[in-house]
Amino acid sequence: MRRQLAAILAIPTVLNGLAMLVAGPLWYETVPGVPETGPFNPHFVQDIGVAFLVAGLALAARAWRPRYWPAAVASAGFLAAHAVLHLEMLAVGHTHHAAFDLLAIVLPSAAALYSAFPSQGENHA
């Protein structure tokens, strides 16, 4: 089940990274809360896009081959750290998109952490 969850999470993570790389201005204007962070910075959006692309590919690798679970742990670490930043923003009231942050950022990162580690008895050779 963890591998299937990793596969499901890989899809939007890869797509988000690709959107940031290929259509950064459109991504910037359409994701809730992003335009409120300041002016569009193409280099910054591309840098983060690469991180999301790599994170998604690591989750996909975990889904494909159990032995690649350490890559998924690194991926989930990035996603979890990103979620912690959003939780901090929620805690201090610096976001107007709480539901989006919880459903699109925090929940998937928690699921990624769960999916990254092998379950007891899982063959990861």
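Before reading further, recall that the structure is shown in the block above.
These numbers were taken from a predicted model, which means no experiment stands behind them. (Residues numbered from 1 in each chain as written. Predicted model: local features only at pLDDT ≥ 70, side-chain atom pairs only at ≥ 80, totals over all residues. Heavy atoms only, no water.)

Let's shift gears to the overall build of the protein chain. Scanning the protein chain from terminus to terminus reveals 5 helices and 0 strands. Counting from the amino terminus, helix and strand elements in the protein chain follow one another as α-α-α-α-α. For the protein chain, whose C-alpha radius of gyration is 15 Å, the value lies close to the compact-globule estimate of 14 Å for 125 residues. Oriented by its inertia axes, the alpha-carbon framework of the protein chain measures out at about 45 × 30 × 15 Å. The 125 residues of the protein chain split such that 32% are buried. Contacts spanning at least 24 positions in sequence make up 68% of the contacts within the protein chain whose residues lie at least 6 apart. Counting every atom, the protein chain has about 7200 Å² of accessible surface; 71% of that belongs to carbon and sulfur. Taking the average place of the 5 positive charges on the side chains of the protein chain and the average place of its 6 negative ones, the gap between the two points comes to 27 Å. (Helix = DSSP H or I, 4+ residues; strand = E, 2+ residues; numbered from the N terminus. Rg over C-alpha atoms; globule rule 2.2 N^0.38 Å. Buried < 20%, exposed > 50% of the residue type's maximum accessible area, 1.4 Å probe, protein only. Contact = heavy atoms within 4.5 Å. Areas by Shrake-Rupley, 256 points an atom, 1.4 Å probe, with all protein chains shown as cover. Lys, Arg positive; Asp, Glu negative; His and termini not counted. Charge placed at Lys NZ, Arg CZ, Asp CG, Glu CD.)

Moving on, we come to the environment of Asp47. For Asp47, the position within the fold is in helix H3 (residues 42-64). Along the backbone, Asp47 and Leu21 are 26 residues apart, and their C-alpha atoms lie at a distance of 8.3 Å.

For the rest of this paragraph, the subject is a nonpolar patch on the surface. Taken together, the side chains of Ile11, Leu15, Leu18 and Val22 present a nonpolar region at the surface, about 410 Å² in accessible area. Following the sequence through the fold, Ile11 ends up in helix H1 (residues 2-22). For Ile11, a relative accessible area of 54% gives the class exposed. (Patch = residues over 30% accessible without salt bridge, like charges linked within 9 Å, V, L, I, M, F, W, Y side chains within 5 Å. Salt bridge = Lys/Arg side-chain N within 4 Å of Asp/Glu carboxyl O.)

Residues Trp27, Leu59 and Ala112 are the most contacted members of the largest nonpolar core, which totals 18 residues. Counting residues per element, the ones that place at least two in this core are H1, helix H2 (24-30), H3, helix H4 (69-91) and helix H5 (98-116). For Trp27, the contacting residues outside a window of four places in its chain are Asn16, Ala19, Met20, Val34 and Val45. (Core = buried A, V, L, I, M, F, W, Y, C linked by side-chain atoms within 4.5 Å.)

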